[in-house]
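# Summary of the model geometry
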Amino acid sequence: MIRAWMPPTLIALCGSIVAAWLLVSGRVVFGAVLLVVYLALAVAVSPLIFPRSVDSAEARRRAEEDGRPVVYWRPGCAYCMRLRVSLGRRARRAHWVNIWRDPDAAAIVREVNDGNETVPTVVLAGRPHTNPDPAWLREQLRSLV
């Protein structure tokens, strides 16, 4: 869990240091704006914007019951962020698995990606799709309603 929060913590810390330096040097408005930007970026790369993760076994069980995709992801991944943001509210229709929290999930991702932990990896109807086009997944989620 600590590893998942390391990137957003470092971003927030660096932003705070730069903003504090700007505030002390008299550039109050620029420092305040920069602090807001850094904090927004920290939230964006944090696990907060992703639907609650479940473990791999639970996600696969649920996917077999409801036919929804399983999305393997990790915090700080720009491609995972792109997928999550582009799905909007539909993201909650998928089962999200954080590979940093679930060693079995990381093993599954390595198995389907030639030993690499390439995310996002989406498993839909038993078929893995590595870094799929967000529009494609959006369409798949739309058809599941």
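Above this text sits the structure in question.
Residues numbered from 1 in each chain as written. Predicted model: local features only at pLDDT ≥ 70, side-chain atom pairs only at ≥ 80, totals over all residues. Heavy atoms only, no water.

## Looking at the overall build of the protein chain
Quick note on the threshold: A run of H or I in DSSP becomes a helix once it reaches four residues, and a run of E becomes a strand once it reaches two; helices and strands are each numbered from the N terminus. Burial here depends on accessible area, computed with a 1.4 Å probe over protein chains only, as a share of the maximum for the residue type. Under 20% is buried, over 50% is exposed, and the range in between is partly exposed. Any pair of residues with heavy atoms lying within 4.5 Å of one another is described as a contacting pair. Methods summary: accessible areas were calculated by the Shrake-Rupley approach with a probe of 1.4 Å, and residue burial reflects only the protein chains presented. Note on charges: Lys and Arg go in the positive column, Asp and Glu in the negative column, and His and the chain ends are not counted at all. The atoms used to mark charge sites are NZ of Lys, CZ of Arg, CG of Asp and CD of Glu.
When you go through the protein chain residue by residue, the secondary structure sums to 6 helices and 4 strands. Listing every helix and strand of the protein chain by position from the N terminus yields α-α-α-β-α-β-α-β-β-α. The principal-axis extents of the C-alpha atoms in the protein chain amount to approximately 60 × 30 × 25 Å. A burial count over the protein chain gives 38% of its 145 residues as buried. Counting only contacts in the protein chain whose residues sit at least 6 apart along the sequence, the fraction spanning at least 24 positions is 67%. As displayed, the protein chain offers around 8400 Å² of accessible surface, 59% of which is attributable to carbon and sulfur atoms. Taken together, the 19 basic and 12 acidic charged side chains of the protein chain have centroids lying 11 Å from each other.

## Considering the pairing of strand 2 (residues 95–98)
Moving residue by residue along a regular strand, the side chains alternate between the two faces of the sheet. For clarity, the threshold we go by: Here, any two strands with at least 2 DSSP bridges between them count as paired. Orient the strands so they point away from the viewer, and a crossover whose first-strand-to-second-strand path over the helix runs clockwise is right-handed.
Neither face of strand 2 is open: one carries His95 and Val97, the other Trp96 and Asn98, and all of them are buried. Where strand 1 (residues 70–73) meets strand 2, 4 bridges bridge the pair, whose relative direction is parallel. Paired with Val70 across the strands is His95, a residue of strand 2. In this region the chain leaves strand 1, passes through helix 4 (residues 78–87) and returns to the parallel neighbour strand 2; the handedness of that crossover is right-handed.

## Thoughts on the packing of helix 4 against helix 6 (residues 134–143)
The axes of two packed helices give the description: the angle between them and the distance between them. What counts, and what does not: Each axis is a line fitted through C-alpha atoms, taken for helices only over the stretch in contact, and angles between the N-to-C directions span 0 to 180 degrees. Each angle receives one of four descriptions, namely roughly parallel if under 35 degrees, roughly antiparallel if over 145, roughly perpendicular if within 65 to 115, and oblique otherwise. Helix crossings get a hand from a simple test, with the near helix turned counterclockwise from the far one by less than a right angle marking a left-handed crossing and a clockwise turn marking a right-handed one.
Here helix 4 crosses helix 6 at 45 degrees, and the two axes come no closer than 9 Å. One element, helix 4, and the other, helix 6, form an angle in the oblique class. Judged by the sense of rotation from one axis to the other, the crossing of helix 4 with helix 6 is right-handed. Contact residues: helix 4 offers Arg82, Leu83, Ser86 and Leu87, while helix 6 offers Pro134, Leu137, Arg138 and Leu141.

## Topic: the sheet that holds strand 4 (residues 127–130)
Paired through their backbone hydrogen bonds, the strands of a sheet run either parallel or antiparallel. With respect to topology, 4 strands assemble into an open sheet ordered 2-1-3-4, the strand pairing being mixed. The open sheet is flanked by strand 2 and strand 4, the only strands paired with a single partner. Between one strand axis and the next, the sheet turns by 20 degrees as a mean value, whatever way the strands run. Seen against the sheet, helix 4 touches strand 1, strand 2 and strand 3 (121–124) and runs at an angle of roughly 160 degrees to strand 2.

## Comments concerning helix 5 (residues 103–112)
Applied cut-off: Comment: arc refers to directions from the helix axis out to C-beta atoms.
When helix 5 is considered as a whole, its buried residues turn out to be Ala105, Ala106, Ile108 and Val109. An end-on view of helix 5 places all buried positions within 160 degrees of arc, on one side of the element. Exposed side chains of helix 5 directed beyond 90 degrees from the buried face belong to Pro103, Asp104 and Glu111. Considering only its buried residues, helix 5 is in contact with helix 3 (56–66), strand 1, strand 2 and strand 3.

## Description of the side chain of Arg84
This is how it is decided: Think of a salt bridge as a Lys or Arg side-chain nitrogen and an Asp or Glu carboxyl oxygen that are within 4 Å of each other.
Relative to the elements of secondary structure, Arg84 occurs in helix 4. The side chain of Arg84 sits in the buried core without any salt bridge; Asp133 is the nearest counter-charge, 15 Å away. Leaving out residues up to four positions away in the same chain, Arg84 has contacts with Ile49, Phe50, Pro51, Ala91 and Trp96.

## Here we look at the environment of Gly126
If you trace the backbone, Gly126 turns up in the loop between strand 3 and strand 4. Sequence separation between Gly126 and Glu64 is 62 residues; the distance between their C-alpha atoms is 8.9 Å.

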